[in-house]
Amino acid sequence: MPAVQLDPRLATIYPLGTEVDARGRLRIGGCDALELAREFGTPAYFVVEDDLRTRAQAFVEAFRAASPTAEVVFASKAFPCTAVYRVLAEEGIGCDVASAGELASALRGGFAPRDIHLHGNAKTEEELAYAVEARVREIVVDNADEIDRLERILAERDARQRVLIRVAPGVSPDTHPSISTGGPNTKFGFNPEAARDAIARLRASERIDLEGIHFHIGSQIMELAPFGAALRAVSELGDFGTYNLGGGLGVQYTVDGPQPPSIEEYASAKVRLVEEVFGPGKRVIDEPGRALTARSTVTLYTVQSVKRNVVTWVAVDGGMSDNLRPMLYDARYEIDVVDRMTGPQPSEDDVVAHVTGKHCESGDLLVRDARLNAPRVGDVLVTPVTGAYGHAMANTYNGSPRPPVIFVSGGDARVVVRRETREDLFARDV
Ligand SMILES: Cc1ncc(COP(=O)(O)O)c(C=O)c1O
Ligand SMILES: N[C@@H](CCCC[NH3+])C(=O)O
């Protein structure tokens with residue numbers, strides 16, 4: 001079946017290389033989406049490996065072009081599964097982990113400890129000891145209690161550790177309040193005032209080497225100016241060798257949704273801002289999560305019911321257990337029927353419906369007021385841009401085993417995270 005180009009407006013949100021065949025059927029990674037749903041079941045996440053690699057390469061090249069010493073570090077909370085870690089490690093980027101579990105997965109996925117950075121606002125004794133013993137590159141220190149704990153752990157092991165200090169620069173970008181992290185009243189890091197004392201203490205430590213400053217002002221950020229404001233705020237704390245600017249680049253989720261700056265614009269602006277504020281020769285680190293993985297992935301669902309209660313309700317076999325983002329952040333997604341990809345142009349069979357999940361909450365809505373082509377039971381639906389904070393935040397609400405992750409590439413598909421079973425649900429019981 002010859003492939004035709006995807007509608008250009010859909011091409012901005014589907015994985016690279018996505019096609020629609022002459023019958024209007026979606027093809028991702030060279031595979032027919034309807035056949036993927038039949039083979040692997042739904043709900044399921046499908047990752048287009050080439051998209052993941054191409055975007056990782058684009059980040060590495062863009063930062064390298066801006067500064068030969070710049071480092072790209074994957075904020076792995078966006079998609080912490082070993083196959084994703086493996087691809088990104090192979091593409092030569094570093095890794096940020098925010099727990100012992102992510103650290104273990106990053107190591108299993110092939111990251112060298114020298115490329116790993118540990119984060120967290122409540123790192124436990126066990127997590128700090130694990131990171132020190134694994135010899136991670138940097139621990140990003142969040143609070144004074146953590147410094148006490150780290151000093152003790154290092155003394156017990158007669159070890160040294162490189163650290164960055166996380167500073168909340170008092171800057172709030174235009175994003176959802178739940179994912180804005182660098183304002184004055186935040187649980188993350190030190191306010192600039194408190195940072196002065198912590199810096200003095202870290203500099204005086206015999207076992208800790210303070211390399212520089214980290215800030216992370218938020219996620220899903222579409223403008224570059226707040227990063228300059230954040231750099232100017234932390235410049236009051238002195239001059240350091242390393243500045244980690246915390247990632248945060250947003251992605252486009254819907255055809256009419258806001259568009260982020262390109263990876264090249266983002267990288268060159270961030271490096272230029274560091275040079276403007278601190279001069280040349282700084283080690284610049286950036287930690288993208290969402291912008292590396294979100295667009296690589298689509299989720300497939302099967303329609304279980306179509307009914308009319310004031311509006312039309314289309315209910316699918318997943319929902320808030322595989323995608324919490326609509327509930328948490330009122331996030332919008334596109335949704336389409338995989339074998340009737342009519343695109344953004346209205347067609348006369350279109351129905352406006354709320355696409356809802358299967359869970360026992362009225363708020364379990366995947367897409368409000370979606371326009372779907374004549375939806376019926378058994379249809380397979382697709383939501384694109386689910387590769388960041390989708391599988392990562394999946395849960396087992398209502399006893400739902402978590403969906404699998406399947407890599408697709410060149411017409412082949414392979415399971416990289418198996419579908420959980422009912423036995424997995426019982427495994428928690430003693
Ligand atoms: C410490 C840290 N670094 C980087 C990121 C960047 O992630 P993203 O690019 O997905 O916003 C996050 C989360 O937003 C984070 O918590
Ligand atoms: N989970 C959030 C992002 C959190 C970023 C973590 N620092 C989202 O889906 O948008």
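The rules we used
Numbers given to residues run from 1 along each chain, matching the order in which its sequence is written. Going through the entries in the order they are written, you letter the chains from A and number the ligands from 1. Local features in this predicted model are restricted to residues of pLDDT 70 or higher, and side-chain atom pairs are both shown and tallied only at a pLDDT of 80 or more, whereas totals for entire chains, interfaces and linings draw on every residue. No hydrogens and no water enter the side-chain calculation; it runs on all heavy atoms of the structure. A run of H or I in DSSP counts as a helix once it spans at least four residues, and a run of E counts as a strand once it spans at least two, with each numbered from the N terminus. Note on method: radius of gyration uses C-alpha positions; expected globular size equals 2.2 Å times residues raised to 0.38. Exposure classes here rest on a 1.4 Å probe applied to the protein chains alone. A residue is buried below 20% of its type maximum, exposed above 50%, and partly exposed in between. We get accessible surface area from the Shrake-Rupley algorithm with a probe of 1.4 Å; when it comes to residues, only the shown protein chains can shield them. Neither His nor the chain ends is counted toward charge; the positive residues are Lys and Arg and the negative residues Asp and Glu. Throughout, a charge is located at the NZ atom of Lys, the CZ atom of Arg, the CG atom of Asp or the CD atom of Glu. The contact rule is simple, with two residues in contact once any of their heavy atoms fall within 4.5 Å. If a single non-hydrogen atom of a residue is within 4 Å of a molecule or strand, that residue counts as near it. Two N or O atoms count as a polar contact when they lie within 3.5 Å, although within protein this holds only if one can serve as hydrogen donor and the other as acceptor, and sequence-adjacent residues are included solely when both atoms are side-chain atoms. In this count, Pro and Cys sit with the nonpolar residues alongside Ala, Val, Leu, Ile, Met, Phe, Trp and Tyr, while Asp, Glu, Lys and Arg are called charged and the others, Gly among them, polar. UniProt positions are given in the numbering used here, feature names are shortened, and annotations may be inferred rather than shown by experiment. We define a salt bridge as a side-chain nitrogen of Lys or Arg found within 4 Å of a carboxyl oxygen belonging to Asp or Glu. Values of pLDDT, which run from 0 to 100, indicate the predictor's confidence residue by residue. As a rule, the C-alpha atoms of each element are fitted with a line to give its axis, helices using only the stretch in contact, and angles between N-to-C directions run from 0 to 180 degrees. Note on angle classes: values under 35 degrees are labelled roughly parallel, values over 145 roughly antiparallel, values of 65 to 115 roughly perpendicular, and the remainder oblique. Here is the rule for handedness: rotate from the far helix to the near one, and if that takes an anticlockwise turn smaller than a right angle the crossing is left-handed, while a clockwise turn gives right-handed. For this analysis, a nonpolar core means a set of buried residues of the types Ala, Val, Leu, Ile, Met, Phe, Trp, Tyr and Cys, connected via side-chain atoms within 4.5 Å. By definition, two strands form a pair when at least two bridges between them are found by DSSP. With the strands aimed away from the viewer, a crossover counts as right-handed if its path from the first strand over the helix to the second runs clockwise. Paired rings are identified among Phe, Tyr and Trp, the last through its six-membered ring, by centres lying within 6.5 Å, and are further divided according to the angle between planes into stacked (under 30 degrees), edge-to-face (over 60) and tilted (the rest).

Caption draft 1: Highlighting the overall build of the chain. If you tally the helices and strands in the chain, you get 12 helices and 21 strands. A globule of 430 residues ought to have a C-alpha radius of gyration of about 22 Å, and the chain, at 23 Å, matches this closely. By its C-alpha atoms, the chain is 70 × 55 × 40 Å across when sized along the principal axes. Counting over 430 residues, the chain shows a buried share of 58%. As presented, the chain carries roughly 17,700 Å² of accessible surface, and 48% of it is formed by carbon and sulfur atoms. Side-chain charges in the chain split into 48 positive and 62 negative, and the spacing between the mean points of these groups amounts to 2 Å.

Caption draft 2: Structural detail: helix α8 (residues 225–235). Turning to α8, its buried residues number three or more, namely P226, F227, G228, A230, L231 and V234. On its buried side, α8 packs onto β11 (208–214), β12 (242–244) and α9 (263–278).

Caption draft 3: Molecular detail of the site of ligand 1. Taken together, the neighbourhood of ligand 1 is formed by 14 residues, with K77, S219, E287, R290 and Y389 sitting nearest. In the model, an oxygen atom of ligand 1 is placed 2.8 Å from a nitrogen or oxygen of the K77 side chain. R290 places a polar main-chain atom, nitrogen or oxygen, 2.7 Å from an oxygen atom of ligand 1. Classifying every residue of the shell around ligand 1 by side-chain character gives three nonpolar, six polar and five charged.

Caption draft 4: View of the site of ligand 2. Near ligand 2 you find K77, I179, H216, S219, R290, R325, Y329, Y389 and M393, and these make up its full shell. The contact in question runs from an oxygen atom of ligand 2 to an N or O atom on the side chain of R325, over 2.6 Å. One nitrogen or oxygen atom from the side chain of Y329 is found 2.8 Å from a nitrogen atom belonging to ligand 2. When isolated, ligand 2 has an accessible area of 310 Å², and the protein chains bury 84% of it.

Caption draft 5: Local environment of the UniProt feature "modified residue: N6-(pyridoxal phosphate)lysine" (unreviewed entry) in the chain. Under the present numbering, the feature "modified residue: N6-(pyridoxal phosphate)lysine" (unreviewed entry) in UniProt falls on K77. The topology assignment puts K77 in the loop between β6 (71–75) and α3 (82–90). Look past the residues within four positions of K77 in its chain and what remains in contact with it is D96, A98, E102, Y389 and A392.

Caption draft 6: Inspection of the pattern of salt bridges at higher detail. For the coordinates displayed, the defined rule picks out 32 salt bridges. With its nearest N and O atoms 3.4 Å apart, the salt bridge here joins E156 to R157. With relative accessibility at 54%, the residue E156 sits in the exposed group. Note on R157: relative accessible area 32%, which makes it partly exposed. Residues R340 and D379 are paired through a salt bridge, measuring 2.7 Å at the closest nitrogen-oxygen approach. Within this pair, whereas R340 is found in the loop between β16 (336–337) and β17 (350–356), its partner D379 is found in the loop between β18 (365–373) and β19 (380–384), the two being separated by 39 residues in sequence. Accessibility expressed as a relative area gives 15% for R340, which makes it buried. Within this structure, E49, R53, E90, E91 and R414 form a network of salt bridges that share partners.

Caption draft 7: Seen up close, the confidence of the model for the chain. With 99% of its residues at a pLDDT of 70 or more, the chain shows a mean pLDDT of 96. Strand β1 (residues 3–5) is the least confidently modelled element of the chain, averaging 67 in pLDDT, while strand β5 (residues 44–48) averages 99, the highest of any element. Confidence metrics for the complex model read pTM 0.96 and ipTM 0.97.

Caption draft 8: Local environment of the UniProt feature "domain: Orn/DAP/Arg decarboxylase 2 N-terminal" (unreviewed entry) in the chain. According to UniProt, the "domain: Orn/DAP/Arg decarboxylase 2 N-terminal" (unreviewed entry) feature falls on residues 54–294. Counted over residues 54–294, helix gives 41% and strand 15%. Its end C-alpha atoms are 13 Å apart.

Caption draft 9: A look at the packing of helix α4 (residues 100–108) against helix α5 (residues 125–134). Two elements in contact, α4 and α5, have axes separated by 9 Å at closest approach and are oriented at 25°. By the criterion of interaxial angle, the relationship of α4 to α5 is roughly parallel. Mapping the contact onto sequence places A100, L103, A104 and L107 in α4 and E126, E127, Y130, A131 and A134 in α5.

Caption draft 10: The arrangement of the side chain of H391 in detail. Checked against the element boundaries, H391 lands in the loop between β19 and β20 (405–409). When residues no more than four places from it in sequence are discounted, the contact partners of H391 are Y45, F79, D322, P403, V405 and V417.

Caption draft 11: Summary view of the packing of helix α2 (residues 49–66) against α9. Contact pair α2 / α9: the axes reach a minimum separation of 8 Å and the direction vectors enclose 35°. For the pair α2 and α9, the crossing hand works out as right-handed. When α2 is examined against α9, the residues R55, A58, F59, A62, F63 and A66 are found in contact with a partner set consisting of I263, E264, Y266, A267, S268 and V271.

Caption draft 12: Geometry of the nonpolar core. Membership of the largest hydrophobic core comes to 125 residues, with the highest contact counts inside it found for F46, I165, L300 and V355. Not counting residues up to four positions away in its chain, the partners in contact with I165 are V141, F190, A195, A198, I199, L202, L210, G212, I213 and H214.

Caption draft 13: Summary view of the pairing of β6. Burial analysis of β6 places four of its five residues in the buried class, which makes it a mostly covered element. In the sheet, β6 pairs with strand β7 (residues 94–97) via three bridges, with the strands oriented parallel. What sits directly across from V73, in β7, is G94. The handedness of the β6 to β7 crossover, carried by α3, is right-handed.

Caption draft 14: Fine view of the packing of aromatic side chains. Counting across every chain of the model gives eight aromatic pairs. Between Y85 and F111, the aromatic rings sit 6.2 Å apart at their centres with planes inclined by 85°, giving edge-to-face as the arrangement. Of the two residues, Y85 sits in helix α3 while F111 sits in the loop between α4 and β8 (116–118), which places them 26 residues apart along the sequence. The residues Y85 and F111 share a single accessibility class, namely buried.

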